[in-house]
Amino acid sequence: MNTSRKQFIKAAVLGGVGASLAAESASVTVCNPLLRTPLSLIIDDSCPVINKAYYWIKQRHEWRLRHAPDKPGSGWERHFDKLDKMPNTIPSAFAAKWGEWCGEQGVRGKFSMVPFPAGVGRIDRGFDGFPKNELRDWLRVTKEIIWQNFDLTPEMLTHTRVVDLKTWQLTDAWEQGEWVDPPVELLTDYITTAMQLLKNVGITCEGVTSPGAFGKKKESAYARAVLDAALRVNKNPQPFYFLHMKLSAKELPDVPLWHVDNANGRAVASIIGCAGDWFGATGFDTANADLFITEDLRGGRLPSVLEKERPCILVGHWPCFYVNDGPGFKVLKEVKRRLDAYDPDRTKTLWMKNSEIGHYWMARTLSDIKVESADRVQIQTKFPTRNFTLGLDVAAKRVKVDKRDLWQVSSRRDFRAGTFLVEGRRTFLAFDLPTGKTTVTMIKEGS
Ligand SMILES: [Zn+2]
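Quantities reported herein were computed from a predicted structural model and do not represent experimental measurements.

Enquirer: What's the story with the sheet that holds strand β17 (residues 396–401) in this structure? I'm lost.
Expert: As a general point, the strands of a sheet are linked pairwise by backbone hydrogen bonds and lie either parallel or antiparallel. Read across the sheet, 5 strands follow the order β14-β15-β22-β17-β18 without closing on themselves; strand pairing throughout is antiparallel. At either margin of the open sheet sits one strand with a lone partner, and together these are β14 (368–373) and β18 (404–405). In this structure, β17 lies alongside strand β22 (residues 436–444), joined through 5 bridges in antiparallel fashion. Its bridge partner lying in β22, Ala396 is registered against Lys444.

Enquirer: Looking at this structure, I do not really get helix α9 (residues 354–366). What am I missing?
Expert: At 3.6 residues per turn, the α-helix brings residues three or four places apart onto the same side. Between its first and last C-alpha atoms α9 spans 18 Å; for 13 residues at 1.5 Å apiece the expected length is 18 Å, and the two agree. Most of α9 is tucked away, with 12 of its 13 residues classed as buried. Of the positions making up α9, those classed as buried are Asn354, Ser355, Glu356, Ile357, Gly358, Tyr360, Trp361, Met362, Ala363, Arg364, Thr365 and Leu366.

Enquirer: Could you clarify how one ought to interpret the sheet that holds strand β9 (residues 240–245) in this entry?
Expert: The mixed open sheet is built from 4 strands, whose spatial order is β8-β9-β11-β10. Where the open sheet ends on each side, the last strands, each with one partner, are β8 (207–209) and β10 (257–261). Geometrically, the sheet is characterised by an average inter-axis angle of 25° between neighbouring strands, direction not taken into account. Of the strand pairs in this sheet, β9 and strand β11 (residues 266–273) are connected by 4 bridges, and their pairing is parallel. Within the sheet, the bridge partner assigned to Tyr241 lies in β11 and is Ser270.

Enquirer: How do you make sense of the layout of surface pockets when you look at a structure like this?
Expert: Rolled over the atoms, a probe with the dimensions of a water molecule shows which regions are left empty. In this model, the largest pocket occupies a volume close to 550 Å³. The wall of the largest pocket is formed by 27 residues, among which Trp56, His159, Gln176, Gly212 and Ala213 lie closest to the centre. Every element with two or more residues in the lining of the largest pocket is listed here: α1 (52–67), β9 and β12 (312–317). At 5 residues, α1 tops the list of elements feeding residues into the lining of the largest pocket. The residue makeup of the lining of the largest pocket, split by class, is 10 nonpolar, 8 polar and 9 charged.

Enquirer: Would you explain the domain arrangement of the chain in this entry?
Expert: Often, the extent of an interface is quoted as the loss of accessible area upon association of its parts. Domains assigned within the chain are domain 1 (8–35 + 369–444) and domain 2 (37–345). On a C-alpha basis, the centroid separation for the pair domain 1 and domain 2 is 38 Å. Taken together, the 8 residues of domain 1 in the interface contact 13 residues of domain 2. A combined buried area of about 660 Å² lies between domain 1 and domain 2, and 51% of that area is made up of carbon and sulfur atoms. On the domain 1 side of the interface with domain 2, the three residues burying the most area are Asn32, Lys382 and Phe383, jointly 69% of the side's total. For the pair domain 1 and domain 2, the number of links is 0 salt bridges. Joining domain 1 to domain 2, the criterion identifies 3 residue pairs in polar contact (both at pLDDT 80 or more).

Enquirer: How should I be thinking about the confidence of the model for the chain in this particular structure?
Expert: Any region with low pLDDT has predicted coordinates that should not be read closely. Averaged over every residue, the pLDDT of the chain is 93; the share at 70 or more is 94%. In the model, residues 1–24 has pLDDT below 50 throughout and makes 54 contacts with residues more than four positions away in sequence or in other chains.

Enquirer: Help me understand the packing of helix α4 (residues 184–200) against helix α5 (residues 219–234) in this model?
Expert: Packed helices, taken two at a time, are described by their axes: the angle between them and the distance between them. Following both chains from N to C, one finds α4 and α5 inclined at 40°, their axes separated by 8 Å at the closest point. The pairing of α4 with α5 is recorded here as oblique in orientation. Regarding α4 and α5, the two cross each other, and that crossing is right-handed. On α5, the residues touching Val184, Leu187, Thr188, Asp189, Ile191, Thr192, Met195, Gln196 and Lys199 of α4 are Ala221, Tyr222, Ala225, Val226, Asp228, Ala229, Ala230, Arg232, Val233 and Asn234. For the contact of α4 with α5, the residue count by class is 11 nonpolar, 4 polar and 4 charged.

The rules behind these values
Residues numbered from 1 in each chain as written. Predicted model: local features only at pLDDT ≥ 70, side-chain atom pairs only at ≥ 80, totals over all residues. Heavy atoms only, no water. Pairing = 2+ DSSP bridges. Helix = DSSP H or I, 4+ residues; strand = E, 2+ residues; numbered from the N terminus. Expected span 1.5 Å × (residues − 1). Buried < 20%, exposed > 50% of the residue type's maximum accessible area, 1.4 Å probe, protein only. Axes fitted to C-alpha atoms, helices over the stretch in contact; angles between N-to-C directions. 1 Å grid on protein atoms, 1.4 Å probe; cavity = no way out; pocket = protein on both sides within 12 Å on 5 of 7 lines; lining within 4 Å. Points joined across faces, edges and corners; volume = space filled by probe spheres on them. Nonpolar A, V, L, I, M, F, W, Y, C, P; charged D, E, K, R; others polar. Domains from an automatic or database assignment. Contact = heavy atoms within 4.5 Å. Buried area = accessible area lost by both parts, 1.4 Å probe. Salt bridge = Lys/Arg side-chain N within 4 Å of Asp/Glu carboxyl O. Polar contact = N/O pair within 3.5 Å; in protein donor to acceptor, adjacent residues only side chain to side chain. pLDDT = per-residue confidence, 0-100. Parallel < 35°, antiparallel > 145°, perpendicular 65-115°, else oblique. Left-handed = near helix turned anticlockwise from the far one by under 90°.

What follows is the structure, given as C-alpha cells:
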C-alpha cells in the first residue's frame, strides 16, 4: 500500500501554451492541508460520570490477588496506595470547563467516551450510586461542547474487564490484557456493540480507540472489524482507529490506510500518536511540558515532528486533567502557549480532528490525479476532504476549480480553501474536494 506522504504525478506538457514550458513537464504535489502540519490532541480514558483510573486500579488489584498474588503489581496498579486521593467520579461541570477552553483555543482532536466504563454503568442506561443528573449533564456537555472540536469514540466497552455479550456480565479476561489478542470472530460484534451504545444516546462515532494494545497482535483483522462495525452501525465507510504511538527520535508518525476499496470508497485510517502522555496520566504520573516542547521552542518531541511536517498528535489520559489538582490541564495550557509561540502567525500548523486527518490522508493517497495538459488537472475520488491542497510547478495568474474562480492571496497567513497563492514559480491552491470528478484549470503568468 502506498502510504507515502506526498504523491507526485508527472505528465508531459502537451500543449504549446508558452514556449518556455513546452519542453518541461508539469508536476502536481498533494501538500499538507493549507501547507500546514496537522496538530491534534487525543484524550483517552474519558468516560461519562466515572474516573476510569480509579476503577481500573481497584479492579486490576483485585484481579491480581485472585489470579497472580505472587506477582508484583505493574502499570497503573502501582498507584493502589493512592486510591484514597483519587475521586471515583469526574464532574460534568469540569468537562464543560475543559471543553470550552479547548474551543476558545482552537484545540481539536479525539475524545473517548467509554460506553460501559469499568462495567459500572451503561451510557444508555445509567450509573447506580451516582446522581441521575450527572449522566444527563455529561451527555449534554459531550455532545454540545466537546463534540464541536473532537471526534467521539468508544474505547471498547469497559476498558477494564471483557463483557460477555450474551449475559452482559464481566468476565475475568481484560480488554487490554488477555484480549490484546481477541478472538477474531467476536471482534466485529464487540466493536459494533461499543459503537451501538454510543448511537443509543445520539453519538455517531467517527472511529474507535484501542484500550491499551487491544487488537495489536492481529491488526489487519482488527482494522477490518473497525471498518465493518462502522459500516454496520453508522454507515461510515471511512473510519479511523487509534492504536499506535511512535515516540523515539528515530521514528516519525504517518497515517497508514488499511483495507482500501477504491471502487466503493472504503478505507480505515490508523491514527498514530507521536508523543507520550506527559500530561500526567492518572494525575500521579510524569507531567512535564518540556518533554513536548521546551521554553526555547527547540527541544522536546514536538518540534522534531513538526520540522518534518508529519502529523503531530499528542496523547493524554483524561483523569490527569482533573485529579490531583489537574497537572495535565496545566501542562496542556503551557504546551498550547508554546505551540502558539512556535507558530505565531498560524502559517505552520493546523489543529484537526483525528477523522479530518484520516480523511485528508485518504484523499491525498487514494485520489486519482491526472495532469491532462499544462493548464488542466483532473481529480477523480471517492474520498472527499476539506482543505485539499495542491502545489503546481507553474506561476498561475488565474485558477479555477470546476466553474469556480479561486481568490488569489499574497501570503500563507491568508491561504485557505477557495484561494490560491503564487510563490516564485510555484502555485499552491486549496479547496474542499468533493466526491466525484473535479477539474482544475490554470492560466499562467505570461500567457
Ligand atoms: Zn485507554
